[in-house]
Amino acid sequence: MKFELKHRDDFNPKDFINHNIWVQYYSAGELGFIEEEGYNRKEIESELEKVDWSDEYWFKSFHTKKVTPYMFTRYYAKFELPNKRVIDGYIEFTEYSGVQNYSLYVNGEFIGLNIHHSDMNEEDEIELKHTLNLNELYPMIVKCLSNIKVDEIFNPNK
């Protein structure tokens, strides 16, 4: 299987629909994990050298567990808003804090909501409410669309 990198700013929902789990290349310590997924070591190193071993790149993961061995993992998700509208996006899971943020795809960009630092979300929440024509953004129902079970209600105001 071909090892391909995708820059963190180049994602769209189609990427997640076509492949539900993406992981970030974070450090050389992860090369063994990448190789265990079935990728060729020389191809991995060649692609990473082309981007100067930058940690701004992601690749497809074939793990089917909630926790991958990587520092950062993104799982395709759908977000049901209070008005029942459903938005595509992803859940970002970190090795050090579990689910870190929810990112909704709105008007051609992902808007992230950090679930551990709701004070950081204020501007994005205002933008989302305005753009989506909502009085309230929460609660929203989050459903992960792979074998990963991360279905929950997100409401930081409770």
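Below is a summary of the structure that appears in this document. None of the values given here were measured: they were computed from a predicted structure.

Let's talk about a negative patch on the surface
Item 1. A contiguous patch of negative charge on the surface is contributed by Glu109, Asp119, Glu122, Glu123 and Glu127.
Item 2. Considering each element in turn, the negative patch owes the most residues, three residues, to helix 4 (residues 122-131).
Item 3. Turning to its location among the elements, aspartate 119 is positioned in the loop between strand 7 (109-114) and helix 4.

Considerations on unusual backbone geometry
Trans is the prevailing form of peptide bonds, just as negative phi is the prevailing case for residues other than glycine.
Item 1. Omega for the bond connecting tyrosine 138 with proline 139 falls within 30 degrees of zero, at 0°, which places this linkage in the cis form.
Item 2. Within the secondary structure, proline 139 is located in the loop between helix 4 and strand 8 (140-144).
Item 3. The phi angle at aspartate 52 is positive, at roughly 55°, despite the residue not being glycine.
Item 4. Assignment of secondary structure puts aspartate 52 in the loop between helix 3 (41-50) and strand 3 (57-60).
Item 5. The backbone of asparagine 107 sits at a positive phi, close to 50°, despite the residue not being glycine.
Item 6. Assignment of secondary structure puts asparagine 107 in the loop between strand 6 (98-106) and strand 7.

Let's talk about the environment of aspartate 15
Item 1. Along the polypeptide, aspartate 15 turns up in helix 1 (residues 13-18).
Item 2. As a C-alpha pair, aspartate 15 and tyrosine 76 span 61 residues in sequence and 8.9 Å in three-dimensional space.
Item 3. Every residue in contact with aspartate 15, bar those within four places of it in the chain, is listed here: Lys6, Asp10 and Trp22.

Some words on the nonpolar core
Item 1. Membership of the largest hydrophobic core comes to 22 residues, with the highest contact counts inside it found for Leu81, Leu104, Leu137 and Met140.
Item 2. Counting residues per element, this core draws most heavily on strand 6, which supplies four residues.
Item 3. In this structure, leucine 104 is in contact with Phe79, Leu81, Ile87, Asp88, Gly89, Glu109, Phe110, Ile111, Leu113 and Met140, ignoring residues within four places of it in sequence.
Item 4. Core analysis: the second largest hydrophobic core is formed by 13 residues, Phe3, Leu5, Ile44 and Leu48 among them.

A word on the layout of surface pockets
Item 1. Approximately 340 Å³ is the volume found for the largest pocket.
Item 2. Considering the residues around the largest pocket, the lining is formed by 16 residues, among which Arg8, Asp9, Arg74, Tyr90 and Glu92 are closest to the centre.
Item 3. Per element, the largest residue contribution to the lining of the largest pocket is four residues, and it comes from strand 7.
Item 4. When grouped by side-chain class, the residues that make up the lining of the largest pocket number six nonpolar, four polar and six charged.

Overview of the pattern of salt bridges
Item 1. For the structure on display, the rule yields eight salt bridges.
Item 2. A salt bridge links lysine 6 to aspartate 15; its shortest N-O distance comes to 3.5 Å.
Item 3. Judged by its relative accessible area of 14%, aspartate 15 is buried.
Item 4. A salt bridge links glutamate 80 to lysine 84, with the shortest nitrogen-to-oxygen separation between them at 3.3 Å.
Item 5. With a relative accessible area of 24%, glutamate 80 lands in the partly exposed category.

Conventions and cut-offs
Residues numbered from 1 in each chain as written. Predicted model: local features only at pLDDT ≥ 70, side-chain atom pairs only at ≥ 80, totals over all residues. Heavy atoms only, no water. Patch = residues over 30% accessible without salt bridge, like charges linked within 9 Å, V, L, I, M, F, W, Y side chains within 5 Å. Areas by Shrake-Rupley, 256 points an atom, 1.4 Å probe, with all protein chains shown as cover. Salt bridge = Lys/Arg side-chain N within 4 Å of Asp/Glu carboxyl O. Lys, Arg positive; Asp, Glu negative; His and termini not counted. Charge placed at Lys NZ, Arg CZ, Asp CG, Glu CD. Helix = DSSP H or I, 4+ residues; strand = E, 2+ residues; numbered from the N terminus. Contact = heavy atoms within 4.5 Å. Core = buried A, V, L, I, M, F, W, Y, C linked by side-chain atoms within 4.5 Å. Buried < 20%, exposed > 50% of the residue type's maximum accessible area, 1.4 Å probe, protein only. 1 Å grid on protein atoms, 1.4 Å probe; cavity = no way out; pocket = protein on both sides within 12 Å on 5 of 7 lines; lining within 4 Å. Points joined across faces, edges and corners; volume = space filled by probe spheres on them. Nonpolar A, V, L, I, M, F, W, Y, C, P; charged D, E, K, R; others polar.

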